[in-house]
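Tertiary structure, described
Each chain, written out:
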Amino acid sequence: MSMKVQTRQVDGVTILDLSGRITLGEGSVTIRDAVRDVLAKGSNKILLNLGDISYIDSSGIGELVSAFTTVKNSGGELKLLNLTKKVHDLLQITKLYTVFDVKDDEATAISSFTK
Amino acid sequence: MADSNSSRVSFTLDSSLDSVNKIELTAEQVAQRAGFDEDTIPHIAMAVREAAVNAVLHGNSYDTSKHIVASFETTSDSLIIRIADQGPGLDPDTIPDPLAPENILRGSGRGIFLIKAFMDEVNFRQLHPGTELTLIKHRTPAQPGT
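Here the structure is a predicted model, which is why all the values come from computation and not from measurement.

**Details of the overall build of chain B**
Helices and strands together make up the secondary structure of chain B, namely three helices and five strands. Relative to the compact-globule value of 15 Å for 146 residues, chain B shows a C-alpha radius of gyration of 15 Å, a close match. The proportion of buried residues among the 146 residues of chain B is 35%.

**A few points about the pairing of strand β5 (residues 131-138) of chain B**
Residue and element names in this part refer to chain B. Going residue by residue along β5, you find Thr131, Leu133, Leu135 and Lys137 tucked away on one face and Glu132, Thr134, Ile136 and His138 left uncovered on the opposite face. Here strand β3 (residues 78-84) runs beside β5; their pairing, made up of seven bridges, is antiparallel. What sits directly across from Ile83, in β5, is Leu133. Direction of pairing for strand β4 (residues 121-126) relative to β5: antiparallel, over a ladder of six bridges. The partner of Glu121 across the bridge, within β5, is Ile136. Counted along the chain from β4 to the antiparallel partner β5, the turn is four residues long, and its residue His128 has a positive phi close to 50°.

About the thresholds
- Residues numbered from 1 in each chain as written.
- Chains lettered and ligands numbered in written order.
- Predicted model: local features only at pLDDT ≥ 70, side-chain atom pairs only at ≥ 80, totals over all residues.
- Helix = DSSP H or I, 4+ residues; strand = E, 2+ residues; numbered from the N terminus.
- Rg over C-alpha atoms; globule rule 2.2 N^0.38 Å.
- Buried ≥ 20, exposed ≤ 12 C-beta atoms within 10 Å, placed from the backbone.
- Pairing = 2+ DSSP bridges.

Next comes the structure, spelled out in C-alpha cells:
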C-alpha cells in the first residue's frame, strides 16, 4: 500500500494526514515532497498525523527526522500526532521519541504550537 | 548431520525495491510458518527488509547487473536468514552509532541498528566481492519445530 497524504489547515497549523507505509522509495519521497510543499507555501507549523501509518522502516524514520530538521531550520515547528504502537516503539528504540514533540490528541497538538 | 526438522529455501533476485518487498513478504511468511508469535513476526520481517534494502541500495547500488541472494532456513532451534549482495563489501565496524548525540538527527544510518535490535544474532561475512548478512532468531521453548 503506497503512502497517501491529505492536507488541511486548522488554526494556522498545516496538518498532513498520512496513511499507508513510509518506506524507502515512494513513501519516503512523498513525505519529503509534502513537507517541502507546505514550507514553500509559507506555512511552517506542521503536524504529521501518523494514525493511519501501518508501517515505517529506517528510511521512513530518516525522512521524519529530515523533515523535522528542515522545518526547524526554517524557523518552524513539526510535531507528530497519533503514533501507532509500532511507530511509537521504533521511535523509542532509536531514541527519537524525546526528540519529537509527540501528541495523541489533535486539539492539544494544535494549541501547543507557538502563537 | 542434517536436522530432520530443518528446511531451506533460497532465491536470487535483481537489485530493486520490488525484490526488497518480496524478501520482506517471504520473511513474514516463513516466520509465521515457523511458529513465531505475532509480536516477533513483524520484527523479523522488518530486520530482513532492512538487510535487503542495504543489499540493494548500499551493496549493489540498484545496479541491474548485480543480484542479491536470499535464503531462509528453519531448524528446530532457529530461523536463519542470509542476504548476500555483490557490492564492494561492508565493514560493520565503520557504521556510525545512530544513537550517538552527534548522529541522532541524521537522515539515515539506522538499518543495521534495527537489525541488531530485532534479531538474536547478526553476522557479516565478506564474499569478495559482496557481503553476506546472516540474521538468526532463536525459537523459544514454547515453539516446537515444524
